[in-house]
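Structural features, examined
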Amino acid sequence: MIDVIIPVYKGLLQTRRCIDSVLRSAQATPFAIVAVDDASPDPEISRHLRELAEQGRITLLRNESNRGFVHSVNRGMALHPERDERSGGMDPAFVPIRM
């Protein structure tokens, strides 16, 4: 299993596109999405992430204050240190990873 780590701050449309792309992607290797809400100032982003987490579609971590991209990715990686990870970074769409 791998974790696909998606740090989120702004960009509701881009965030939705990125997560939807990952969820629709057929992969040979099982994966889980770990979204890190980096204290987004957009309540719609936070609400959307919360709803996905409540539906069991993602794991959601939330930073209490904006910590930046690197901290957020590292926090996501620390959640399951035994797994491999792929960071969605700032890409608006997921590129399938074949393992």
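Anyway, here's the lowdown on the structure attached to this text. None of these values were measured; they are calculated from a predicted model. Going along each chain's sequence as written, the residues are numbered from 1 onward. Totals for whole chains, interfaces and linings use every residue, but because this is a predicted model, local features are given only for residues with pLDDT of at least 70 and side-chain atom pairs only at 80 or more, for both listing and counting. The basis for the side-chain values is all heavy atoms of the structure; hydrogens and waters are excluded.

1. Describing the environment of Arg75
Within the secondary structure, Arg75 sits in helix 3 (residues 69-79). With 41 residues separating them in the primary sequence, Arg75 and Val34 have C-alpha atoms 9.8 Å apart. Ignoring sequence-local partners within four residues, the contact set of Arg75 consists of Leu61, Arg62 and Asn63. Secondary structure follows DSSP: runs of H or I at least 4 residues long count as helices, runs of E at least 2 residues long count as strands, and numbering of each begins at the N terminus. Should any heavy atoms of two residues lie within 4.5 Å, those residues are considered in contact.

2. Points about the nonpolar core
Residue types Ala, Val, Leu, Ile, Met, Phe, Trp, Tyr and Cys, when buried and joined through side-chain atoms within 4.5 Å, form a set referred to as a nonpolar core. For every residue, the accessible area (1.4 Å probe, protein chains only) is compared with the maximum for its type, and the residue is labelled buried under 20%, exposed over 50%, or partly exposed between those bounds. Counting residues in hydrophobic clusters, the biggest one holds 12 residues: Val4, Ile6, Val8, Cys18, Ile19, Val22, Ile33, Ala35, Ile45, Leu49, Leu52 and Ile58. Elements with a minimum of two residues in this core: strand 1 (2-8), helix 1 (12-24), strand 2 (31-37) and helix 2 (43-54).

3. Observations regarding the environment of Asn63
With respect to the helices and strands, Asn63 occurs in the loop between strand 3 (59-62) and helix 3. C-alpha separation for the pair Asn63 and Asp37, spaced 26 residues apart in sequence, amounts to 6.1 Å. Residues in contact with Asn63, not counting those within four places in the same chain, are Val36, Asp37, Asp38, Ala39, His71, Ser72 and Arg75.

4. With respect to the pairing of strand 2
In terms of burial, strand 2 is largely enclosed, as 6 of its 7 residues are buried. Here strand 1 runs beside strand 2; their pairing, made up of 7 bridges, is parallel. Each bridged residue has a counterpart across the sheet, and for Ile6 the counterpart in strand 2 is Ala35. We call a crossover right-handed when, viewed with both strands directed away from the observer, the connection leading from the first strand over the helix to the second proceeds clockwise. Each parallel crossover has a hand, and the one from strand 1 via helix 1 to strand 2 is right-handed. Across 4 bridges, strand 2 lies against strand 3 in parallel orientation. Of the residues in strand 3, the one forming a bridge with Asp37 is Arg62. One crossover worth recording links strand 2 to the parallel strand 3 by way of helix 2, and it is right-handed. In this analysis, strands are considered paired if DSSP registers two or more bridges between them.

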